[in-house]
Amino acid sequence: MPSGRAAFDPDAGGVVCGSCGQPGMSLALSHGARAALGQLRRGGLSAADAPRSADGSGRPADARAFEDACGQAQRPLRLFLQHHLGRALRSADFLAQVGAPQ
């Protein structure tokens, strides 16, 4: 997807342009969160071990920035899984109960 505003819409299958997201149903994505989701989609969980900068330079990502971007991507990923499973994840509910970061 070209640069610009982006949103995450589980009903549309994932990342959409900012103007294509359904009002009230899609979540705005920061550039960093969008880059982190793309890296994880292409490289699987092993991409989290060696994240790359969101600027497209191929340089290693700042660890704090990648962690923040992944934090921003957690809610869209949880909603995506809920959409496909047809139910909420019990583990996410448990983490919320014990106060763990989600």
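Parameters and conventions
Residues numbered from 1 in each chain as written. Predicted model: local features only at pLDDT ≥ 70, side-chain atom pairs only at ≥ 80, totals over all residues. Heavy atoms only, no water. pLDDT = per-residue confidence, 0-100. Helix = DSSP H or I, 4+ residues; strand = E, 2+ residues; numbered from the N terminus. Buried < 20%, exposed > 50% of the residue type's maximum accessible area, 1.4 Å probe, protein only. Pairing = 2+ DSSP bridges. Contact = heavy atoms within 4.5 Å. Phe/Tyr/Trp six-rings, centres within 6.5 Å; stacked < 30°, edge-to-face > 60°.

Draft legend 1. Examining the confidence of the model for the chain more closely. Here the chain averages 80 in pLDDT, and 90% of its residues register 70 or above. By mean pLDDT, the top-scoring element of the chain is helix H1 (residues 31-43) (86), and the lowest-scoring one is helix H3 (residues 90-97) (75).

Draft legend 2. The pairing of strand S1 (residues 6-9), seen in detail. Side chains of S1 alternate between two faces, with Ala-6 and Phe-8 and Ala-7 and Asp-9 buried alike. Pairing geometry for S1 and strand S2 (residues 14-17), over 4 bridges, is antiparallel. Bridge pairing in S2 places Asp-9 opposite Gly-14.

Draft legend 3. Structural context of the side chain of Ser-53. Along the chain, Ser-53 falls in the loop between H1 and helix H2 (63-85). Judged by its relative accessible area of 16%, Ser-53 is buried. The contact partners of Ser-53, leaving out residues within four places of it in the chain, are Gln-39, Arg-59, Pro-60 and Ala-61.

Draft legend 4. View of the packing of aromatic side chains. Evaluation of the coordinates by the stated rule reveals 1 aromatic pair. Ring plane angle 75° and centroid distance 5.9 Å describe the contact between Phe-8 and Phe-80, whose orientation is recorded as edge-to-face. Highlighted residues: Phe-8 in strand S1 and Phe-80 in helix H2, separated in sequence by 72 residues.

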